[in-house]
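Architecture at a glance
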Amino acid sequence: MEKLLITIDGTSGVGKGTMAKLLADKYNCQRLDSGAIYRAAAIYLGKLNIEKEDLQDPEVFAQVCDKLKNIPLTFAENEAGVLQVYLDQENITQLLRLETTAAKASSFAVIPEIRTALLERQRKFALDYPRLVAEGRDMGTVVFPQAQIKFFLDASPKAKAERRYKELCEKGEKANFDEILALLEQRDYQDKNRKVAPLVPASDAIIIDTTNLGIEETFAAIEKHLQEK
Ligand code: C5P
């Protein structure tokens, strides 16, 4: 089968995961959810009782980076086709999706050595899959600059918060619009302004603003570019 490497980067809550799943299903690719790796790293460090302040100790820091290079993570779809994430044998899929986990991931993600450790993990993952859709913040810029086609998705913070709010309400979960908006904005600010691998579109990325697009329209826009390639 022909090799294919597609990257999708973009801001928080913009729908990268949804697009990656649609692309992976239709074009027979494996998915790499790099955000899940950063989130899992935050959970892993929590389990090891390591807080950001502990990383001031060079010995602890070196040990942590070493452990992260081989973080015991596995991904598998359940019967419903929903990607499940396991840390060691524990299914951490629910824990992974919490906004508190995302915030912690974003704060660890500013540390260059942690990014380097996780970069190796991501590239190792790609070696096993000749057809891959990789989504995150630095897939097209840093992790896979050689990708055949790169997308960068963005939308207004208000539109993203509205989608997230609706999604939570539909699931019957507690939701506060202002809180969702503030957290999304805070995380985007942190991701765009870090020194290493900040969130920026790759120079050769196709930028799609999804503020006024639904899922089908966004996917159609992506496919149009894919077919033109
Ligand atoms: O994509 P997701 O929201 O799951 O990512 C959680 C956090 O992990 C992001 O806010 C970001 O700080 C970090 N991350 C990153 N680089 C990636 C993917 C995620 O820094 N490639």
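Here the structure is a predicted model, which is why all the values come from computation and not from measurement.

1. Section: the overall build of the protein
The secondary structure content of the protein amounts to ten helices and eight strands. By the compact-globule yardstick of 17 Å for 229 residues, the protein fits well, its C-alpha radius of gyration being 17 Å. Dimensions of the protein, computed from the C-alpha atoms along their principal axes, are close to 50 × 45 × 40 Å. Here the protein, with 229 residues, has 46% of them falling under the buried criterion. Long-range contacts, defined here as pairs at least 24 residues apart, represent 74% of the contacts in the protein between residues at least 6 apart. Just so you have it, the protein exposes about 12,100 Å², and 51% of that area is on carbon and sulfur atoms. Averaging the positions of the 32 positive and the 36 negative side-chain charges in the protein gives two centres separated by 2 Å.

2. With respect to the UniProt feature "domain: Cytidylate kinase" (unreviewed entry) in the protein
Per the UniProt annotation, the sites labelled "domain: Cytidylate kinase" (unreviewed entry) are residues 6-224. A helix fraction of 53% and a strand fraction of 17% characterise residues 6-224, whose end C-alpha atoms lie 14 Å from each other.

3. Topic: the pattern of salt bridges
As enumerated under the stated definition, the model contains 14 salt bridges in all. Arg164 serves as the salt-bridge partner of Glu99, at 3.5 Å between the closest nitrogen and oxygen. A residue pair is termed long-range when its members are at least 10 positions apart, and Glu99 in helix α5 (residues 99-108) and Arg164 in helix α8 (residues 157-170) qualify at 65 residues. Residue Glu99 is classed as partly exposed on the basis of its relative accessible area, which comes to 23%. Note that Asp188 is salt-bridged to Lys160, the shortest N-O span being 2.7 Å.

4. Side note on the domain arrangement of the protein
Each assigned domain of the protein is listed here: domain 1 (1-29 + 129-222) and domain 2 (34-124). A straight line from the C-alpha centre of domain 1 to that of domain 2 covers 19 Å. Carbon and sulfur atoms supply 48% of the area buried between domain 1 and domain 2, which totals about 1,300 Å² over both sides. The tally of links from domain 1 across to domain 2 stands at three salt bridges. The shortest N-O distance in the salt bridge between Asp138 and Arg115 comes to 2.9 Å. Broken down by secondary-structure element, the contributors of at least two residues to the side of domain 1 that touches domain 2 are β6 (131-136), α7 (139-143) and α9 (177-193). Of all the elements, α9 adds the most residues to the side of domain 1 that touches domain 2, at four residues.

5. A word on the site of the ligand
Lining the immediate environment of the ligand, one finds 16 residues, of which Arg39, Arg115, Arg137, Arg187 and Asp191 sit closest. Arg137 places a polar side-chain atom, nitrogen or oxygen, 2.8 Å from an oxygen atom of the ligand. Protein chains shield 97% of the accessible area of the ligand, which is 460 Å² for the free molecule. Secondary structure elements with two or more residues in the shell around the ligand: α2 (34-47), α5 and α9. For the shell around the ligand, the element with the most residues is α2, which contributes four residues. Looking at side-chain class alone, the shell around the ligand contains four nonpolar, four polar and eight charged residues. Both of domain 1 (1-29 + 129-222) and domain 2 (34-124) provide at least three residues apiece to the shell around the ligand.

Reading the values: the criteria
Residues numbered from 1 in each chain as written. Predicted model: local features only at pLDDT ≥ 70, side-chain atom pairs only at ≥ 80, totals over all residues. Heavy atoms only, no water. Helix = DSSP H or I, 4+ residues; strand = E, 2+ residues; numbered from the N terminus. Rg over C-alpha atoms; globule rule 2.2 N^0.38 Å. Buried < 20%, exposed > 50% of the residue type's maximum accessible area, 1.4 Å probe, protein only. Contact = heavy atoms within 4.5 Å. Areas by Shrake-Rupley, 256 points an atom, 1.4 Å probe, with all protein chains shown as cover. Lys, Arg positive; Asp, Glu negative; His and termini not counted. Charge placed at Lys NZ, Arg CZ, Asp CG, Glu CD. UniProt positions renumbered as here; feature names shortened; annotations may be inferred. Salt bridge = Lys/Arg side-chain N within 4 Å of Asp/Glu carboxyl O. Domains from an automatic or database assignment. Buried area = accessible area lost by both parts, 1.4 Å probe. Near = heavy atom within 4 Å. Polar contact = N/O pair within 3.5 Å; in protein donor to acceptor, adjacent residues only side chain to side chain. Nonpolar A, V, L, I, M, F, W, Y, C, P; charged D, E, K, R; others polar.

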